[in-house]
Amino acid sequence: DTGVSQDPRHKITKRGQNVTFRCDPISEHNRLYWYRQTLGQGPEFLTYFQNEAQLEKSRLLSDRFSAERPKGSFSTLEIQRTEQGDSAMYLCASNPWREGSDTQYFGPGTRLTVL
Amino acid sequence: GENVEQHPSTLSVQEGDSAVIKCTYSDSASNYFPWYKQELGKGPQLIIDIRSNVGEKKDQRIAVTLNKTAKHFSLHITETQPEDSAVYFCAAMNTGFQKLVFGTGTRLLVSP
């Protein structure tokens, strides 16, 4: 059973550059989530998709952030004009959307460093 | 919105001892409470979860208890082993909104 995969695992960029991360959920998982985790803190919710529809967005997701899931399978998270405060681990999770199944299965994360 | 507090922030035990981590939540509408283990450089991994209609759940050396009235829940690990060393996070969610709210984590160190 393949887990959630994320690419790249690490990204170093200069302030002001754009970056894009990819998440591939577990096969047939309809729900997909993005979280951000800074050092020493728990993950913070950013957004989630049910199939291709983006159903919830956190206020943390400023207008420089955009997430897509065009075909209801993989998702991308883009950050435009990166700032040093964007340095964090970006985590993706998925869920099969079945009655009684609320477990969110996390991927390994993409660690972003903005210089 | 929901707020989850977690204690202690660090916990050191000897191998074979028990470890207890406690969390409180603020939103009485939360009805799902998972616990995750996170090792260095990896994503969180679910170790056990509990729903609001259950007071206790056990899986081998791990158990979780929930007190809905007091709005707290706890993780109990018995017979700890060095491989249990990691950061543990509690979380709470109202399943109608699908947004996990995490605590700040507990760094557990199990010494041989």
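Here, every reference points to the structure presented above.
Remember, predicted model here, so these are calculated numbers, not experimental data.

What counts and how
- One numbering rule holds for all chains: residues counted from 1, following each sequence as written.
- Ligands are numbered from 1 and chains lettered from A, in the order in which they are written.
- Owing to the predicted nature of the model, reporting of local features is limited to residues with pLDDT of at least 70; listing and counting of side-chain atom pairs is limited to 80 or more, with chain, interface and lining totals taken over all residues.
- Processing note: side-chain calculations cover all non-hydrogen atoms of the structure and skip hydrogens and water entirely.
- Any two cysteine sulfur atoms lying within 2.5 Å of each other are counted as a disulfide.
- Runs of E in the DSSP output that reach at least two residues are strands. Runs of H or I that reach at least four are helices, and both are numbered from the N terminus.
- Exposure classes here rest on a 1.4 Å probe applied to the protein chains alone. A residue is buried below 20% of its type maximum, exposed above 50%, and partly exposed in between.
- For two strands to pair, DSSP has to find at least two bridges joining them.

Okay, the state of the cysteines next. All names here are of chain A. If you walk through the whole model with that rule in mind, you get two disulfides over all chains. Note on cysteine connectivity: C23 is disulfide-linked to C92, with sulfurs 1.8 Å apart. Where C23 bonds to C92 through sulfur, the torsion about that S-S bond is close to -70°, and the disulfide is left-handed. Taken as a pair, C23 in strand 3 (residues 19-24) and C92 in strand 9 (residues 88-95) lie far apart in primary sequence, 69 residues in all.

What follows concerns the pairing of strand 4 (residues 32-38) of chain B. All names here are of chain B. The buried count for strand 4 comes to seven of seven residues, which makes it a mostly enclosed element. By the alternation rule, side chains of strand 4 split into Y32, P34, Y36 and Q38 and F33, W35 and K37, which are all buried. Sheet analysis places strand 4 next to strand 5 (residues 45-51), joined by six bridges and oriented antiparallel. Bridging from a neighbouring strand, F33 pairs with I50 of strand 5. Here four bridges tie strand 4 to strand 9 (residues 86-92), and the two strands are oriented antiparallel to one another. Each residue of the ladder has a partner; that of Q38, found in strand 9, is V87.

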